[in-house]
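# Examining the three-dimensional arrangement
Each chain, written out:
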Amino acid sequence: MKQYLELLSYVLKNGKRKHNRTGIDTISTFGYQNRYDISEYFPLLTTKKVGFKTVLRELLWFIKGDTNIQWLVKNKCNIWNEWPFKAYMASLGEDVSTPEKLSVLKEKYMKDFVDKIINNDEFAKKWGELGPVYGKQWRDFCGVDQLQKVIDTIKTSPDSRRIIVSAWNPIEVEEMAKRGLPPCHSLFQFYVDTEEKTLSCQLYQRSADSFLGVPFNIASYATLTYIIASLTGLKPKEFIHTFGDLHVYVNHLDQVNLQLSRTPSKLPKLIIKRIPQNISDFQVEDFELIGYEPQDAIKGEVAI
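Residues numbered from 1 in each chain as written. Predicted model: local features only at pLDDT ≥ 70, side-chain atom pairs only at ≥ 80, totals over all residues. Heavy atoms only, no water.

## A look at the environment of alanine 303
Here alanine 303 is to be found in the segment after β8 (287–290). When the C-alpha positions of alanine 303 and glycine 23 are compared, they lie 8.2 Å apart, and in sequence the two are 280 residues distant. If sequence neighbours within four positions are ignored, alanine 303 has contacts with Thr22, Ile24, Trp83 and Tyr249. (Helix = DSSP H or I, 4+ residues; strand = E, 2+ residues; numbered from the N terminus. Contact = heavy atoms within 4.5 Å.)

## Digging into the pairing of strand β6 (residues 235–249)
Burial analysis of β6 places 12 of its 15 residues in the buried class, the great majority of the element. Bridge count for strand β2 (residues 26–37) against β6 is 11 bridges, and the pairing is antiparallel. Paired with arginine 35 across the two strands is isoleucine 240, which belongs to β6. A crossover connection joins strand β5 (residues 198–209) to the parallel β6 through helix α10 (residues 213–232); in handedness this β-α-β unit is right-handed. (Buried < 20%, exposed > 50% of the residue type's maximum accessible area, 1.4 Å probe, protein only. Pairing = 2+ DSSP bridges. Right-handed = clockwise from strand over helix to strand, strands pointing away.)

## Notes on the side chain of threonine 26
Within the element layout of this structure, threonine 26 appears in strand β2. Contact partners of threonine 26, with chain neighbours within four places excluded, come to Lys16, Arg17, Lys18, Asn20, His247, Val248, Tyr249 and Val250.

## Looking at the pattern of salt bridges
A side chain with one charge may pair with a side chain of the opposite charge, provided their charged atoms come close. Tallying each qualifying case throughout the model produces 11 salt bridges. Put simply, arginine 35 and glutamate 238 hold a salt bridge, and the shortest N to O gap is 2.8 Å. Of the two residues, arginine 35 sits in strand β2 while glutamate 238 sits in strand β6, which places them 203 residues apart along the sequence. According to the relative accessible area criterion, arginine 35 is partly exposed, its value standing at 44%. As a salt-bridge pair, lysine 116 and aspartate 112 come within 3.5 Å of each other at their nearest N and O atoms. Of this pair, lysine 116 and aspartate 112 both sit in helix α5 (residues 99–119), separated by 4 residues, roughly a single helical turn. Of the residues examined, lysine 116 reaches a relative accessible area of 29% and is grouped as partly exposed. (Salt bridge = Lys/Arg side-chain N within 4 Å of Asp/Glu carboxyl O.)

Here it is, written out as structure tokens:
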């Protein structure tokens, strides 16, 4: 995964400091691309531990078309909690205007919020809903099941240049922003090599948190490529990651420099043990990661 470390170095060397809506400045660049060979090994970062089961649960949540965090938190995946929590705190009249104030509220009230999401269906229905984010767009973009259409097109017209899923729906972007985020990983396209019988995926990511988000995104879309390949009789070949605004938050600079001081180790392998007929029926237990020996985790606060 030296490509990822080179990405971090590129941002630090070439980026410009920019303000943004979160209140935490970034070191920002525009336009970058990495390519990962996923035919033999799986591109899961080894210079820090990345929770693959968390990545997998989020991906399966997208695939199911779900947009409520209740399923995630019941399955011990908490990476989307901050956005609806912020909305809930604001509804109670709390001051959520700065990252510092929100951090204090999280310390006091986040556990109670998560407990209510898990145990109170009415509360979860009201406050766990993120709006028409990724899963909605993947499975119901104005009535189109884009993910199933991808599978069908690969099977019937593998040379098509239209094997695309767009999460960026201009009609619903503002609604997504009320409780969650407009899609950062906004469009992806598959490419079939009919001679090799292989499948590649390219993701365009409009906005990318290099330290926290990008390792998850790499693993998620590589896994999705494995899944689509398994359902269409193909072998995964390459994941191409193309960026718009690629940035490092200034409160992650120490963590990034620590990461850059580490040496990558051998990548793991990903095995899909069971292939269901329907993509929505994949379970966490269907996946096995072999030979993952990462260095220690490096924590950082997400900017919302």
